[in-house]
Every structure is written in structure tokens, then in C-alpha cells.
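These are the residues of each chain, in order.
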Amino acid sequence: MRKKYAAGNWKMNKTPKEAVELAEMLKPKMTTDKAEVVFCVPYVDLIPIADVVKGSNILLGAENLHFEDKGAYTGEISAPMLKEIGVKCVVIGHSERREYFNETDETVNKKIFKALEYGLTPIFCCGESLAEREDGITIERIRIQIKKGMKGLSAEQAKAVVVAYEPIWAIGTGKVATTEQAQEVCKAIRDVLSELYSKETADEISILYGGSVNGGNAEELFKMPDIDGGLVGGASLKEDFEKIVKAF
Ligand code: PEP
């Protein structure tokens with residue numbers, strides 16, 4: 001049975017002090033045996049939050065990594081650095097990184113390989129823009145992102161990836177995809193994974209929906225057969241995240 005996830009993406013929010021306060025407030029509310037709970041936090045918050053979540057069911061996540069182990073990459077953070085401080089998951093290819101930081105399908109692919117090499121779970125993001133949806137090329141776009149992002153991965157490696165479908169027009173806009181829209185694309189992702197690997201492999205890969213998930217809409221979304229949880233931005237910074245964690 002594939003795992004369910006409630007993964008919070010804190011983005012560029014919370015100083016280390018604020019992050020500890022938020023994590024301490026959320027921690028007692030995060031207990032569940034139905035899903036993995038992940039806090040993906042800014043780099044400088046990772047070490048203090050590692051302390052807060054120690055001994056709990058909360059997994060520590062980063063929001064990015066570099067695809068090399070080390071070297072002359074000023075300002076970057078590597079997989080072994082993340083591994084050493086107890087990071088378990090890492091967001092890769094978020095649309096904000098694709099839009100503002102030159103992330104491409106090719107760098108996403110290299111980063112997924114690097115995360116897996118160090119035993120980190122990649123939360124691999126894909127999603128279409130509003131223009132692509134309006135042009136009717138959503139599925140085409142997503143299929144290309146999946147094929148390029150996962151290029152060269154073995155079936156065993158693919159099973160260790162968590163895919164997050166995040167329509168760009170729904171991120172941080174309050175405009176959530178309908179459950180039917182989200183299910184349609186998550187199913188299309190499972191179909192392409194099935195073509196690339198096998199139905200058995202595709203059925204083991206967790207696929208999340210992200211885009212204005214909140215305590216009010218999570219349950220309906222998570223009931224859909226191909227949606228295995230959420231990647232959550234804004235609502236992961238609030239008490240509301242408890243409702244999302246308990247929505248399975
Ligand atoms: C995200 O950051 O991945 C996201 C989905 O944000 P929000 O939930 O705020 O739309």
C-alpha cells in the first residue's frame with residue numbers, strides 16, 4: 001500500500017525563532033497513523049526544527065538541494081549536508097524554483113537522482129500554468145515533466161519518489177482545483193508512470209495534490225482514488241494544518 005502524505009512547504013517564511021514557535025505549536029496536533037507528516041522548512045530552520053521534531057512522527061524536509069555532492073557552488077546546499085542533519089524529504093522542482101531560479105526538467109532530474117543516492121525522499125513537483133490549462137495542453141505538459149524529471153530512474157528508484165501535482169494557477173491563489181480536475185491529472189500521472197514502468201510500480205508511487213489545500217477542502221481531495229495527500233503551502237503555517245493531517 002502506498003503511503004499518504006501531509007507535507008507542509010513553509011517556503012521563505014519563519015526565522016529560526018519563529019520556526020521553533022510554530023513547530024512547537026503544531027507538534028502535539030500532528031499525531032496520526034494514517035499519513036506521513038512532513039515539515040519542509042527553510043535551510044536555516046532545519047537544525048532547530050530537527051530538535052523540535054525529534055522523537056515525534058514529523059519528518060524533516062528541505063525545500064531544495066544541489067545536484068552535486070560538494071564544490072564551488074556558492075550559496076547552495078548538498079544532499080550529504082541535508083542527510084547529516086536528519087532531513088528525510090526534499091521538495092524538488094517546485095514551480096517557484098522553476099519560475100524564479102532557472103530550475104529546468106534537466107536539473108530536476110539530476111536532483112532527484114542525488115536525493116535518492118542519499119536516501120532522501122524527493123517530493124517531485126509538476127504542474128501546468130493557467131495558459132497551458134486554457135490551451136487544453138495540461139496533460140501533455142504534465143506527461144513531459146514526468147518523463148523528463150524521472151528519466152533514467154529504475155523502477156525501484158521510481159517507487160521511492162513522491163510526485164506532487166501542483167497546478168501553478170492554484171498555488172497561493174486561494175483558487176483550488178476541483179476534486180475532478182485534481183483527480184484527472186493525478187490519474188494521468190499514474191498512467192504515464194504505468195507506461196514508463198508497470199502498473200504495479202505506478203500503484204506504489206504516492207501522488208499528492210498541491211494548490212490552496214486547506215482544512216476545509218483536504219478531506220474531499222484526499223478521498224479521490226489517485227490523490228495520496230497534499231503538498232501544502234499557506235495552510236501549513238497555521239493551526240489549520242491539523243485538519244489537513246487529520247483529513248485521511
Ligand atoms: C505550495 O507551496 O506548494 C503550495 C501548494 O502552496 P499553497 O498551498 O499556499 O497554494
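Conventions we followed
- Residues numbered from 1 in each chain as written.
- Predicted model: local features only at pLDDT ≥ 70, side-chain atom pairs only at ≥ 80, totals over all residues.
- Heavy atoms only, no water.
- Pairing = 2+ DSSP bridges.
- Helix = DSSP H or I, 4+ residues; strand = E, 2+ residues; numbered from the N terminus.
- Axes fitted to C-alpha atoms, helices over the stretch in contact; angles between N-to-C directions.
- Contact = heavy atoms within 4.5 Å.
- Buried < 20%, exposed > 50% of the residue type's maximum accessible area, 1.4 Å probe, protein only.
- Right-handed = clockwise from strand over helix to strand, strands pointing away.
- Parallel < 35°, antiparallel > 145°, perpendicular 65-115°, else oblique.
- Nonpolar A, V, L, I, M, F, W, Y, C, P; charged D, E, K, R; others polar.
- 1 Å grid on protein atoms, 1.4 Å probe; cavity = no way out; pocket = protein on both sides within 12 Å on 5 of 7 lines; lining within 4 Å.
- Points joined across faces, edges and corners; volume = space filled by probe spheres on them.
- Phe/Tyr/Trp six-rings, centres within 6.5 Å; stacked < 30°, edge-to-face > 60°.
- Expected span 1.5 Å × (residues − 1).
- Arc of directions from axis to C-beta.
- Core = buried A, V, L, I, M, F, W, Y, C linked by side-chain atoms within 4.5 Å.

Student: Sorry, what's going on with the sheet that holds strand S2 (residues 36-40) here?
Tutor: Backbone hydrogen bonds hold the strands of a sheet together, and the pairing may be parallel or antiparallel. An order of S1-S2-S3-S4-S5-S6-S7-S8 is seen for the eight strands of this closed barrel, with the pairing classed as parallel. The sheet shows a mean angle of 25° between the axes of neighbouring strands, direction not considered. Relative to strand S4 (residues 89-92), strand S3 (residues 58-62) runs parallel, the two sharing two bridges. The partner of Gly 61 across the bridge, within S4, is Cys 89. In the packing of helix H9 (residues 179-196) onto the sheet, contacts are made with strand S5 (121-126), strand S6 (162-165) and strand S7 (207-210), and the angle to S7 comes to roughly 150°.

Student: Help me understand the pairing of strand S1 (residues 5-9) in this model?
Tutor: Two faces belong to every sheet, and in a regular strand the side chains alternate between them. Counting buried positions over the five residues of S1 gives five, a clear majority of the element. Here S1 shows two buried faces, one formed by Tyr 5, Ala 7 and Asn 9 and the other by Ala 6 and Gly 8. Between the parallel pair S1 and S2, the chain is carried across by helix H1 (residues 16-26), and the sense of this crossover is right-handed. Where S1 lies against strand S8 (residues 229-232), four bridges are found, and the strand directions are parallel. Along S8, the bridge assignment pairs Tyr 5 with Gly 229.

Student: Is there a simple way to think about the environment of Met 81 in this case?
Tutor: Of note, Met 81 is situated in helix H3 (residues 79-84). Taking the C-alpha atoms as reference points, Met 81 and Tyr 118, separated by 37 residues in sequence, lie 10.0 Å from one another.

Student: Looking at this structure, how should I read the packing of helix H5 (residues 105-117) against helix H7 (residues 138-149)?
Tutor: Contact pair H5 / H7: the axes reach a minimum separation of 8 Å and the direction vectors enclose 45°. Viewed along their axes, H5 and H7 adopt a mutual orientation that is oblique. Facing Asp 105, Glu 106, Val 108, Asn 109 and Ile 112 of H5, the residues of H7 in contact are Arg 141, Ile 144, Gln 145, Lys 148 and Gly 149. Across the contact of H5 with H7, the residue classes break down as three nonpolar, three polar and four charged.

Student: I'm lost on the layout of surface pockets in this one. Help?
Tutor: By volume, the largest pocket is sized at about 410 Å³. Counting residues per element, the lining of the largest pocket draws most heavily on helix H4 (residues 95-100), at three residues. Partitioning the lining of the largest pocket into residue classes produces seven nonpolar, three polar and four charged.

Student: How should the packing of aromatic side chains be read in this particular structure?
Tutor: For any pair of aromatic rings, geometry is given as the distance between the ring centres together with the angle between the planes. If you walk through the whole model with that rule in mind, you get five aromatic pairs. Relative to Phe 241, the ring of Phe 39 lies with its centre 6.3 Å away and its plane at 55°, an arrangement referred to as tilted. With a gap of 202 residues between them, Phe 39 in strand S2 and Phe 241 in helix H12 (residues 241-245) connect regions that are remote in the sequence. Residue class for Phe 39 comes out buried when judged on its relative accessible area of 0%. Given the relative accessible area of 0%, Phe 241 is considered buried.

Student: Got a minute to help me understand H7 in this structure?
Tutor: Every α-helix carries 3.6 residues per turn, so stepping three or four residues along brings you back to the same face. Its twelve residues give H7 an end-to-end C-alpha distance of 16 Å, which sits within 8% of 16 Å, the value for a rise of 1.5 Å per residue. Within the sequence span of H7, burial applies to Thr 138, Ile 142, Gln 145, Ile 146 and Gly 149. The buried side chains of H7 occupy one side of the element, clustering within an arc of 95° when seen end-on. Summarising the contacts, the buried residues of H7 are in contact with H4, H5, S5, helix H6 (130-134), S6 and H9.

Student: Which parts of the structure should I look at to understand the nonpolar core?
Tutor: One recurring pattern in soluble globular proteins: nonpolar side chains tend to sit buried together. With 65 residues, the main nonpolar core has Phe 39, Ile 146, Val 163, Ile 189 and Phe 241 as its most contacted residues. Residue contributions to this core peak at six residues, all from H9. Contact partners of Phe 241, with chain neighbours within four places excluded, come to Ala 6, Ala 7, Gly 8, Leu 26, Met 30, Val 37, Val 38, Phe 39, Val 232, Ala 235 and Ser 236. If you look at the next biggest cluster of nonpolar residues, it comprises twelve residues, including Val 38, Cys 40, Cys 125 and Ala 164.

Student: Whenever I open this one, helix H2 (residues 43-53) confuses me. Can you help?
Tutor: Looking at H2, one finds that the buried residues are Asp 45, Leu 46, Ile 49, Ala 50, Val 52 and Val 53. Looking down the long axis of H2, one finds its buried residues gathered within 155° of arc, a one-sided arrangement. Exposed side of H2, more than 90 degrees from the buried face: Val 44, Ile 47 and Asp 51 are the residues found there. Just beyond H2, the residue with positive phi is Gly 55, at close to 80°.

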